[in-house]
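Each chain is listed here by its residues.
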Amino acid sequence: MIEIVDLKKAYGDNVVLNGITETIHDGEKVVVIGPSGSGKSTFLRCLNCMEDPDGGKIIFEGVDIADMSVDINLHREKIGMVFQQFNLFNNKTVLENITLAPIYLGCKKVNAAKRKNFGRKIANVFRKEKKELLPVADKKQIKQDATKKAHELLSRIGLEDKANEYPSKLSGGQKQRIAIVRALCMEPKVILFDEPTSALDPEMVGEVLELMKQLANEGMTMVVVTHEMGFAREVADRVIFMCDGVIAEQGKPADIFENPQNPRTKQFLDSIL
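Cut-offs applied
Residues numbered from 1 in each chain as written. Predicted model: local features only at pLDDT ≥ 70, side-chain atom pairs only at ≥ 80, totals over all residues. Heavy atoms only, no water. Buried < 20%, exposed > 50% of the residue type's maximum accessible area, 1.4 Å probe, protein only. Helix = DSSP H or I, 4+ residues; strand = E, 2+ residues; numbered from the N terminus. Pairing = 2+ DSSP bridges. Right-handed = clockwise from strand over helix to strand, strands pointing away. Core = buried A, V, L, I, M, F, W, Y, C linked by side-chain atoms within 4.5 Å. Contact = heavy atoms within 4.5 Å. Axes fitted to C-alpha atoms, helices over the stretch in contact; angles between N-to-C directions. Parallel < 35°, antiparallel > 145°, perpendicular 65-115°, else oblique. Left-handed = near helix turned anticlockwise from the far one by under 90°. Patch = residues over 30% accessible without salt bridge, like charges linked within 9 Å, V, L, I, M, F, W, Y side chains within 5 Å. Areas by Shrake-Rupley, 256 points an atom, 1.4 Å probe, with all protein chains shown as cover. Salt bridge = Lys/Arg side-chain N within 4 Å of Asp/Glu carboxyl O.

Chemist: Help me out: how do you make sense of the pairing of strand 7 (residues 190-194) in this one?
Modeler: Regular strands have side chains that alternate between both faces of the sheet. Where burial is concerned, most of strand 7 is hidden: five out of the five residues are buried. Side chains of strand 7 alternate between two faces, with Val-190, Leu-192 and Asp-194 and Ile-191 and Phe-193 buried alike. The pairing of strand 7 with strand 8 (residues 221-225) spans five bridges and is classified as parallel. Its bridge partner being in strand 8, Asp-194 is matched across the sheet by Val-225. Read from strand 7 through helix 6 (residues 202-217) to strand 8, the crossover connection turns out right-handed.

Chemist: Hey, could you run me through the nonpolar core in this one?
Modeler: Across soluble globular proteins, you tend to see nonpolar side chains buried next to one another. Counting 48 residues, the largest nonpolar core has Ile-178, Ile-180, Phe-193, Met-212 and Met-222 as the members making the most contacts within it. Setting aside anything within four residues of it in sequence, one finds Phe-193 in contact with Leu-44, Val-82, Ile-180, Met-212, Leu-215, Met-222, Val-223, Val-224 and Val-225. In this structure, Leu-7, Ile-24, Ile-65 and Met-242 belong to the second largest nonpolar core, which totals 28 residues.

Chemist: Honestly, the packing of helix 3 (residues 94-124) against helix 5 (residues 172-184) in this entry has me stumped. Any pointers?
Modeler: Between two packed helices, both the angle of their axes relative to each other and the distance between the axes serve to describe the pair. Close contact between helix 3 and helix 5 brings their axes to 8 Å; oriented N to C, the two are set at 30°. When the interaxial angle is binned, helix 3 and helix 5 end up roughly parallel. In this structure, the crossing between helix 3 and helix 5 has a hand that is right-handed. Counting all contacts with helix 3, which are made through Val-94, Asn-97 and Ile-98, the residues of helix 5 involved are Ile-178, Val-181 and Arg-182.

Chemist: Would you mind going over the packing of helix 3 against helix 4 (residues 139-156) with me for this structure?
Modeler: For the pair helix 3 and helix 4, the least separation of the axes is 9 Å and the interaxial angle reads 150°. Classified by the interaxial angle, the pair formed by helix 3 and helix 4 is roughly antiparallel. Relative to helix 4, the crossing made by helix 3 is right-handed. Residues Val-94, Leu-95, Ile-98, Thr-99, Pro-102, Ile-103, Gly-106, Cys-107, Val-110 and Asn-111 of helix 3 form the contact with helix 4, whose participating residues are Lys-139, Ile-142, Lys-143, Ala-146, Thr-147, Ala-150, His-151 and Leu-154.

Chemist: For this particular structure, what's the right way to read the sheet that holds strand 9 (residues 238-243)?
Modeler: Across a sheet, strands are paired by hydrogen bonds formed along the backbone, either parallel or antiparallel in direction. Overall, mixed pairing links the six strands, which are arranged 6-7-8-3-9-10 in an open sheet. This sheet does not close on itself; its edge strands, each paired only once, are strand 6 (79-82) and strand 10 (246-251). The mean angle between the axes of side-by-side strands here comes to 20°, regardless of whether they run parallel or antiparallel. Running at roughly 150° to strand 7, helix 1 (residues 40-47) makes contact with strand 3 (29-33), strand 6, strand 7, strand 8 and strand 9 of the sheet. Packing against the sheet, helix 5 makes contact with strand 6 and strand 7, and its axis sits at approximately 170° to strand 6.

Chemist: What is the right way to look at the pairing of strand 6 in this model?
Modeler: Neither face of strand 6 is open: one carries Ile-79 and Met-81, the other Gly-80 and Val-82, and all of them are buried. Taken together, the four bridges between strand 6 and strand 7 define a ladder with parallel strand orientation. Following the sheet pairing, Ile-79 is matched in strand 7 by Val-190.

Chemist: Explain a nonpolar patch on the surface here, please?
Modeler: The grouping of Phe-118, Ile-122, Val-125 and Phe-126 at the surface amounts to a nonpolar patch, some 500 Å² of accessible area in total. Here Val-125 shows up in the loop between helix 3 and helix 4.

Chemist: Before we go on, may I ask you to explain the sheet that holds strand 1 (residues 2-11) in this structure?
Modeler: Judged by pairing direction, the sheet is antiparallel, and its four strands sit side by side in the order 2-1-4-5 without closing on themselves. Unpaired on one side and paired on the other, strand 2 (14-24) and strand 5 (63-64) mark the two borders of the sheet. Summarising the sheet, strand 1 and strand 2 pair through eight bridges and their orientation is antiparallel. Bridge assignment links Ile-2 to a residue of strand 2, and that residue is Ile-24.

The structure is reproduced here in structure tokens:
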């Protein structure tokens with residue numbers, strides 16, 4: 001699904017990603033672990049092109065989305081992102097937070113189609129063979145569909161009664177579950193999780209991890225940066241250990257946690273387990 005080839009990223013003299021080559025397969029659950037400053041979050045943000053790589057390729061569904069000439073927004077719609085700090089808009093309700101992106105992008109596509117159709121109508125006046133006009137969705141229907149989807153997702157996580165609340169009224173665990181639902185409302189092919197539980201109180205971590213486990217069981221492709229080793233053991237198909245901007249070791253959870261081959265991996269696990 002995602003092929004990463006010789007990915008590089010630096011901030012001045014600080015090399016954060018030093019030539020990473022990796023493949024994320026369809027339906028795979030990959031957990032990325034490693035010490036602070038190892039490049040984990042930057043790696044994730046590059047996959048969603050929130051950070052522009054300095055070199056290499058990120059091939060998603062056959063397209064190099066690291067190529068600056070590509071319409072990145074078209075492909076980013078299919079790559080959901082869940083952040084450590086929730087990133088909800090405090091001046092919008094829960095429902096508005098969830099539906100904002102699908103409504104905006106849906107209407108943007110409608111406007112683009114209308115502009116193209118206008119051009120085709122003008123050009124067709126002078127053509128012998130007329131070009132067909134593009135189908136144009138109804139903006140009202142786009143909003144209705146997004147709202148319906150949002151309510152369904154809120155009902156699934158038991159927070160439908162919070163639809164008209166503002167984020168300030170929610171607990172940390174509720175905010176993060178809303179952030180996950182926001183990503184799901186775009187119907188992504190893959191979701192990237194950047195330490196989704198690190199900003200939560202311990203008693204709220206479980207409800208977020210449970211939702212992530214449900215998504216994993218349903219076959220969602222997931223790349224998760226986390227320090228939750230229990231989650232990695234239970235859910236991951238593969239664990240990647242990053243250190244100093246490279247992948248130092250990777251393998252099945254049992255192999256990584258019970259018999260790490262790289263001394264840096266062993267040192268890291270001994271310090272947190």
